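Listed below are the residues making up each chain.
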Amino acid sequence: MQRRPLGRRASPARSEVALRAVGLLVIVIALACSRRGEPVPSASASSASAPVPPRGFRIDGEPFAPAAILATGTEGEASWRLTVAPKPMTCDDLAASYPEHPKEDGALDFWLVEPVGRGGSREPWAYRSGHELTASGARSLVARGAMLDGVTVNEDRIAVKGLELSLQTRGPNPRLYQHDGDLIARRCPRVRRPEAAHPQPKLTLTLDGESVAIRGATLRDEGGKVYLRLTRAPHRCDSVFTEGFDFYLDLALVGSPLKVSHVALLGGAFPESATGSKGKETFVVDAPALGAAPRDVTMRVDGTLDAGGYAVAMKGEVVATRCVVAPK
């Protein structure tokens, strides 16, 4: 008895028609999925999906859900310090310790600054520095990576778009703090610095034509020069300038009578290259002999200096507190 064949070999023409039908079916399915917003099936069932990068905060790779994210800063300045805490924290807690860091184990904070460009324009927001907080104090962090797409400041919150942070502790057994994605912090009131303000109503100071109100002025001797320091936020001789000051200006004076050596714009809003001496030949300084000067020194300044491309113009009277080093 003759066996009935189990199948018949397809002709080349029929195979081509079948392949075209399969291809058309795949296209129809893809179009239908795209209209419904569904993912399009992969052409290869065996291909693995790309891993989705983790979002939010992580410590040594482990997710970390903060109990509070708060933002504060110095009254009269523009930068913001964001504090990320594992336990509940209030704006009053920040204000009680500012400008020092709150003492909280497992927390961190970091500064975001809005640099001032040439001509007074505002440049994109940027990361400046970060600290790991502990019950005994704060330790600075090393930035392995720090990028952001923008900052929006509202009445009650500060939104950071596309914040990518990779901050590492120093020393042995380092810890790594990371963040990827958007971040929203509660906006706390800015804090008035504890130093008494010393406004300078008889001084006009402009930066690229924009007026800057001065609320602090000191004179100090350092390295054979005398430095006149002017600040927008108040300061004293013992103030620490590493955090909370967007703007301060050092006018270096030499000789007898005093003459300008150079000027430097400092603080979070300016690059390290914002210094120079162009214009010093015509810059006028009228100051008493400091050897016999009282604690508050009255001096007159008049001229314009180029601080690395920034035009710093000063005219009028400055009353500066002289910083005297106590005898050992």
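Note that the structure is a prediction, hence the values are computed from the model and not measured.

### Examining the overall build of the protein
Next up, step 1: Counting secondary structure elements, the protein contains 2 helices and 21 strands.
Next up, step 2: Relative to its full complement of 328 residues, the protein shows a buried share of 41%.
Next up, step 3: Long-range pairs, those at least 24 residues apart, make up 51% of the contacts in the protein with a sequence separation of at least 6.
Next up, step 4: In the structure as shown, the protein presents an accessible area of about 19100 Å², 54% of it carried by carbon and sulfur atoms.

### Observations regarding the nonpolar core
Next up, step 1: Counting residues in each nonpolar core, the largest one holds 35 residues, and the members touching the most others are Leu230, Leu249, Leu251, Leu265, Phe270, Met314 and Val318.
Next up, step 2: Counting only elements with at least two residues in this core, the list comes to β12 (203-207), β14 (216-222), β15 (225-231), β16 (248-254), β17 (259-266), β20 (296-307) and β21 (310-323).
Next up, step 3: Residue contacts for leucine 265: discarding those within four places in its chain leaves Leu207, Phe247, Tyr248, Leu249, Phe270, Pro271, Ala274, Ala307, Tyr310 and Val312.
Next up, step 4: Listed in part, the 24 residues of the second largest apolar core include Val84, Leu112, Ile158 and Leu183.

### Looking at the state of the cysteines
Next up, step 1: Enumeration according to the criterion identifies 2 disulfides in this entry.
Next up, step 2: Across the disulfide, cysteine 91 is cross-linked to cysteine 188 (sulfur-sulfur distance 2.1 Å). Torsion about the S-S bond of the cysteine 91 and cysteine 188 cystine: about -75°, corresponding to left-handed handedness. Taken together, the residues cysteine 91 in helix α2 (residues 91-97) and cysteine 188 in the loop between β11 (176-187) and β12 connect sequence positions 97 residues apart.

### Brief notes about the pairing of β11
Next up, step 1: When strand β1 (residues 56-59) meets β11, the two strands line up antiparallel, connected through 4 bridges. For glycine 56, the partnering residue across the bridge sits in β11 and is aspartate 180.
Next up, step 2: Where strand β3 (residues 68-72) meets β11, 2 bridges bridge the pair, whose relative direction is parallel. Looking at β11, one finds that alanine 71 is bridged to arginine 187.

### So, the pairing of β1
Next up, step 1: Where β1 meets strand β2 (residues 62-64), 3 bridges bridge the pair, whose relative direction is antiparallel. Opposite arginine 58, over in β2, you have proline 63 as the bridge partner.
Next up, step 2: Counting the residues between successive antiparallel strands, the hairpin from β1 to β2 contains 2 residues, one of them, aspartate 60, with a positive phi of roughly 50°.

### Some remarks on the pattern of salt bridges
Next up, step 1: As enumerated under the stated definition, the model contains 16 salt bridges in all.
Next up, step 2: As a salt-bridge pair, glutamate 77 and arginine 232 come within 2.5 Å of each other at their nearest N and O atoms. One end of the pair, glutamate 77, is in the loop between β3 and β4 (80-85); the other, arginine 232, is in the loop between β15 and β16, with 155 residues separating them in the sequence.
Next up, step 3: Across the pair glutamate 222 and arginine 220 runs a salt bridge, and its minimum N-O distance is 3.3 Å.
Next up, step 4: Glutamate 222 gets classed as partly exposed once you look at its relative accessible area, which sits at 44%.
Next up, step 5: With a relative accessible area of 17%, arginine 220 lands in the buried category.
Next up, step 6: Salt bridges sharing common partners tie together Arg220, Glu222, Arg229 and Asp250.

### What to know about the packing of aromatic side chains
Next up, step 1: Following the criterion strictly, the structure yields 6 aromatic pairs and no others.
Next up, step 2: Considering the side-chain rings of phenylalanine 241 and tyrosine 248, the 4.7 Å spacing of their centres and the 45° angle between planes classify their relative orientation as tilted. The burial state of phenylalanine 241 is the same as that of tyrosine 248; both residues are buried.
Next up, step 3: Put simply, the rings of Phe241, Phe245 and Tyr248 touch in pairs and so form one group of aromatic residues.

### Comments concerning the side chain of histidine 131
Next up, step 1: Within the secondary structure, histidine 131 sits in strand β6 (residues 126-133).
Next up, step 2: A residue is classified by how much of its surface remains accessible, and histidine 131, at 12% relative accessible area, is buried.
Next up, step 3: If we ignore the near neighbours within four places in the chain, the residues touching histidine 131 are His101, Ala107, Leu108, Asp109, Ala138, Arg139, Ser140, Leu141 and Glu243.

### Here we look at the confidence of the model for the protein
Next up, step 1: On average, residues of the protein score 85 in pLDDT, and 82% of them are at 70 or above.
Next up, step 2: Per-residue pLDDT stays below 50 along residues 1-19; that stretch engages in 1 contact with residues further than four places along the chain or on separate chains.
Next up, step 3: For residues 21-48, every residue scores under 50 in pLDDT, and the model assigns this stretch 6 contacts once sequence neighbours within four places are set aside.

### Observations concerning unusual backbone geometry
Next up, step 1: Note that the residue after tyrosine 98, namely proline 99, is joined by a cis bond; omega there is 10°.
Next up, step 2: Mapping proline 99 onto the fold places it in the loop between α2 and β5 (107-113).
Next up, step 3: In this model, serine 256 is joined to proline 257 through a cis peptide bond whose omega is 0°.
Next up, step 4: Position of proline 257 among the secondary structure elements: in the loop between β16 and β17.
Next up, step 5: Here aspartate 60, not a glycine, exhibits a phi torsion of approximately 50°, which is positive.
Next up, step 6: Here aspartate 60 shows up in the loop between β1 and β2.
Next up, step 7: Here the phi dihedral of asparagine 173 falls at roughly 50°; this positive angle occurs in a residue that is not glycine.
Next up, step 8: As for its placement among the helices and strands, asparagine 173 is situated in the loop between β10 (157-168) and β11.
Next up, step 9: With a relative accessible area of 71%, asparagine 173 lands in the exposed category.

What counts, and where the lines are drawn
Residues numbered from 1 in each chain as written. Predicted model: local features only at pLDDT ≥ 70, side-chain atom pairs only at ≥ 80, totals over all residues. Heavy atoms only, no water. Helix = DSSP H or I, 4+ residues; strand = E, 2+ residues; numbered from the N terminus. Buried < 20%, exposed > 50% of the residue type's maximum accessible area, 1.4 Å probe, protein only. Contact = heavy atoms within 4.5 Å. Areas by Shrake-Rupley, 256 points an atom, 1.4 Å probe, with all protein chains shown as cover. Core = buried A, V, L, I, M, F, W, Y, C linked by side-chain atoms within 4.5 Å. Disulfide = S-S within 2.5 Å. Pairing = 2+ DSSP bridges. Salt bridge = Lys/Arg side-chain N within 4 Å of Asp/Glu carboxyl O. Phe/Tyr/Trp six-rings, centres within 6.5 Å; stacked < 30°, edge-to-face > 60°. pLDDT = per-residue confidence, 0-100.

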